[in-house]
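Each chain, letter by letter, is given below.
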Amino acid sequence: MENRNFRQIKSEIRILGIDDAPFTPRSDEDVLLVGTVFRGGHWLDGVLTTKIRVDGDDATEKIVEMVNGSRHLNQLRVIMLDGLTFGGFNVADINGISSRTGLPVIVVVRKYPDLERIRRALKHRFPDWKKRWQMIEDAGEIHRVESTEAVYIQTAGIDPEDAAEIVRLSTTRSSIPEPLRAAHLIASGVKLGESRGSA
């Protein structure tokens, strides 16, 4: 998919931020994914949910179904993910998500990922580790973004400079974009009865 061209990034750009709920590692349970629809970094317009398997291979499919089935789809301009993996090592194919939803995808993480450590973990645990690793490699270059605090992004369907501007615009109350912070709080609150920790 070609990069979406943003001639002007509006302060109320509709962003869908997605994070997962706490889960039991290496279990066969389902994990809640929560998506929050924000106007910029200020107004919450909606909440979406779906479920994926711990360490499964359905994150991409479930995210695409959640987005494409939402009444918010026509208003959304970008999808933001808290990392490339959910529910352990259920890897999201950001290029596939972008091409199948028609929306750019921005992955945001606080720390620069230790890719070699991730590759070793995948190789040790999963017969299909090469497929999972390929999706991580295909996510492309990791870019540092200076915002409230430095964060790191990967992108699909959007120019990294535009993505960085959207990250900064939506980071209003903490060191990460508000759509991801809210998704984390909602997901952990639903799972644990009370929200805990930071995204």
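So, here's what we can say about the structure. None of the values given here were measured: they were computed from a predicted structure.

Let's shift gears to the layout of surface pockets. Each pocket or cavity is described by its volume, and for the largest pocket that value is around 760 Å³. Lining the largest pocket are 30 residues, with Gly83, Leu84, Thr85, Val109 and Ile118 sitting closest to its centre. Contributions of two or more residues to the lining of the largest pocket are made by β1 (14–20), β7 (105–109), α3 (115–125) and α6 (178–192). A per-element tally of the lining of the largest pocket places α3 first, with 4 residues. Grouping the constituent residues of the lining of the largest pocket by class yields 15 nonpolar, 7 polar and 8 charged.

What follows covers the packing of aromatic side chains. Applying the stated criterion across every chain, the model contains 2 aromatic pairs. Aromatic pair Tyr112 and Tyr152: ring centres 5.4 Å apart, planes at 90°, arrangement edge-to-face. Taken together, the positions of Tyr112 in the loop between β7 and α3 and Tyr152 in strand β9 (residues 150–156) put the pair 40 residues apart, joining distant regions of the chain. Assessed through its relative accessible area of 15%, Tyr152 is described here as buried. Lying across the ring of Phe126, Arg132 places its NZ or CZ 4.0 Å from the centre.

A positive phi angle, near 60°, is found at Arg26, a position not held by glycine. Inspection of the secondary structure assignment puts Arg26 in the loop between β1 and β2 (30–39). Exposure remark for Arg26: the relative accessible area of 60% places this residue in the exposed category.

A full pass over the atoms with the stated rule returns 12 salt bridges. Its salt-bridge partner being Arg100, residue Glu61 comes within 3.0 Å of it at the nearest N-O pair. Remark: Arg100 occurs in helix α2 (residues 94–101) and Glu61 occurs in helix α1 (residues 59–68); sequence separation between them is 39 residues. Exposure remark for Arg100: the relative accessible area of 41% places this residue in the partly exposed category. Salt bridges linked by common partners bring Glu12, Arg14, Arg39 and Asp45 together as one network.

Within the largest apolar cluster, 34 residues are counted, with the highest numbers of intra-cluster contacts made by Ile18, Ile63, Ile79, Leu81, Phe86, Ile94 and Ile97. For this core, the element with the most residues is α1, which contributes 5 residues. If we ignore the near neighbours within four places in the chain, the residues touching Ile79 are Leu16, Ile18, Val67, Ile97, Thr101, Leu103, Pro104, Val105 and Ile106. The next biggest cluster of nonpolar side chains, apart from the first, holds 18 residues, and it includes Val145, Ala163, Ile166 and Leu180.

Reading the values: rules and limits
- Residues numbered from 1 in each chain as written.
- Predicted model: local features only at pLDDT ≥ 70, side-chain atom pairs only at ≥ 80, totals over all residues.
- Heavy atoms only, no water.
- 1 Å grid on protein atoms, 1.4 Å probe; cavity = no way out; pocket = protein on both sides within 12 Å on 5 of 7 lines; lining within 4 Å.
- Points joined across faces, edges and corners; volume = space filled by probe spheres on them.
- Helix = DSSP H or I, 4+ residues; strand = E, 2+ residues; numbered from the N terminus.
- Nonpolar A, V, L, I, M, F, W, Y, C, P; charged D, E, K, R; others polar.
- Phe/Tyr/Trp six-rings, centres within 6.5 Å; stacked < 30°, edge-to-face > 60°.
- Buried < 20%, exposed > 50% of the residue type's maximum accessible area, 1.4 Å probe, protein only.
- Lys NZ or Arg CZ within 6 Å of the ring centre and 35° of its normal.
- Salt bridge = Lys/Arg side-chain N within 4 Å of Asp/Glu carboxyl O.
- Core = buried A, V, L, I, M, F, W, Y, C linked by side-chain atoms within 4.5 Å.
- Contact = heavy atoms within 4.5 Å.

Taken by themselves, the reported measurements are silent on function.
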